[in-house]
Amino acid sequence: EKHFNEVKEFKVAVDTTKFTLVPKSLLSEDTQEKILDFIYPIEKEESTHAHGILNDIMNVFALKKNTVSFLGTKMSNPIFMDANAVVLPAYANTINSAHPYSMFILVKEDGFLISLFKQKELQLHKLFESDYENDCLYHVLNICKQLKIETKDVHLQTHGESNKVESTTNLLLKHFEHVK
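Residues numbered from 1 in each chain as written. Predicted model: local features only at pLDDT ≥ 70, side-chain atom pairs only at ≥ 80, totals over all residues. Heavy atoms only, no water.

### Side note on the overall build of the chain
Right, so step 1: Assigned secondary structure in the chain consists of five helices and 10 strands.
Right, so step 2: Judged by the C-alpha coordinates and their principal axes, the chain covers about 50 × 40 × 30 Å.
Right, so step 3: Burial analysis of the chain (180 residues in total) assigns 43% to the buried set.
Right, so step 4: Long-range contacts, defined as pairs at least 24 residues apart, comprise 57% of the intrachain contacts of the chain with a sequence gap of at least 6.
Right, so step 5: Side chains of the chain give 20 positive and 25 negative charges; the mean places of these two sets differ by 3 Å. (Helix = DSSP H or I, 4+ residues; strand = E, 2+ residues; numbered from the N terminus. Buried < 20%, exposed > 50% of the residue type's maximum accessible area, 1.4 Å probe, protein only. Contact = heavy atoms within 4.5 Å. Lys, Arg positive; Asp, Glu negative; His and termini not counted. Charge placed at Lys NZ, Arg CZ, Asp CG, Glu CD.)

Right, here's the structure in full:
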């Protein structure tokens, strides 16, 4: 605890379901709440935050004011980040260049987060709520269909702390050649 008080800046990644990615040029303190509120209703007990992700991409997200206040009392100058977005730079650095597309699937207990890259350029970053592994397969296949991507051109990587990771991976292996 002695060293805890000496830290000048804390970066705190908080899991949230209300987030979107926005070009940096469109974002200001005045617009961040309006942009997010256009997609999700922002409750009065929530506040909006933003942080940079990749190149010119900003992540805008909502947190409960109580969470922000509580963490603010425990640490000086906390910088809040969306846990769903902090993985994007790591994904970009682990792209399998042997395939035109790389799809990263973060399996959660109550859904999954899909991030799709064409080479190193982010194409999609979306959270899906679900209780069934079959839903993940449906959404992955639907994304491929909608974007006219052949399944042989996609390298899938599944991960997460959920006990559903293995069963989701095995299901995807039945339909895709390249699953890790």
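### Brief notes about the sheet that holds strand E8 (residues 121-129)
Right, so step 1: As summarised here, the arrangement of the five strands in space is E8-E7-E6-E9-E10, forming an open sheet in which the pairing is mixed. Only two strands of the sheet have a single partner each, and these edge strands are E8 and strand E10 (178-179).
Right, so step 2: Direction of pairing for strand E7 (residues 111-118) relative to E8: antiparallel, over a ladder of eight bridges. Considered in E8, the bridge of Leu-113 is made with Leu-127.
Right, so step 3: Against the sheet, helix H4 (residues 133-146) makes contact with strand E6 (101-108), E7, E8 and strand E9 (154-159), and its axis sits at roughly 25° relative to E7, the strand it touches most.
Right, so step 4: The strands that helix H5 (residues 165-173) touches are E6, E9 and E10; relative to E9, the one it contacts most, it runs at about 165°. (Pairing = 2+ DSSP bridges. Axes fitted to C-alpha atoms, helices over the stretch in contact; angles between N-to-C directions.)

### Considering the packing of H4 against H5
Right, so step 1: Where H4 contacts H5, the two axes come as close as 9 Å, and the packing angle between them is 45°. Between H4 and H5, the interaxial angle falls into the category oblique. The handedness of the crossing between H4 and H5 comes out as right-handed. Within the contact between the two elements, H4 uses Glu-133, Asn-134, Cys-136, Leu-137 and Val-140 and H5 uses Ser-167, Thr-168, Leu-171 and Leu-172.
Right, so step 2: Looking at the contact of H4 with H5 residue by residue, the class counts come to five nonpolar, three polar and one charged. (Parallel < 35°, antiparallel > 145°, perpendicular 65-115°, else oblique. Left-handed = near helix turned anticlockwise from the far one by under 90°. Nonpolar A, V, L, I, M, F, W, Y, C, P; charged D, E, K, R; others polar.)

### Concerning unusual backbone geometry
Right, so step 1: A positive phi angle, close to 45°, is found at Asn-55, a residue other than glycine.
Right, so step 2: Relative to the assigned elements, Asn-55 resides in the loop between strand E3 (46-52) and strand E4 (57-64).
Right, so step 3: Of the residues examined, Asn-55 reaches a relative accessible area of 86% and is grouped as exposed.
Right, so step 4: If you check the backbone angles, Gln-119 has positive phi at about 55° while not being a glycine.
Right, so step 5: With respect to the helices, strands and loops of the structure, Gln-119 is situated in the loop between E7 and E8.
Right, so step 6: Looking at Gln-119, the relative accessible area reads 40%, which means it is partly exposed.

### Details of the sheet that holds strand E2 (residues 19-23)
The strands that make up a sheet are held in pairs by hydrogen bonds between backbone atoms, and each pair lies either parallel or antiparallel.
Right, so step 1: Reading across the sheet, the three strands line up as E2-E4-E3 and stay open at both edges, with antiparallel pairing between neighbours. Of all the strands in the sheet, the pair left with one neighbour each is E2 and E3. Here the strands of the sheet are splayed against their neighbours by 30° on average, with no regard to which way each runs.
Right, so step 2: Bridging between E3 and E4 involves seven bridges; their strand directions are antiparallel. Looking at E4, one finds that His-49 is bridged to Phe-61.
Right, so step 3: Along the sheet, helix H2 (residues 65-74) contacts E3 and E4; its crossing angle with E4, the most-contacted strand, is approximately 90°.

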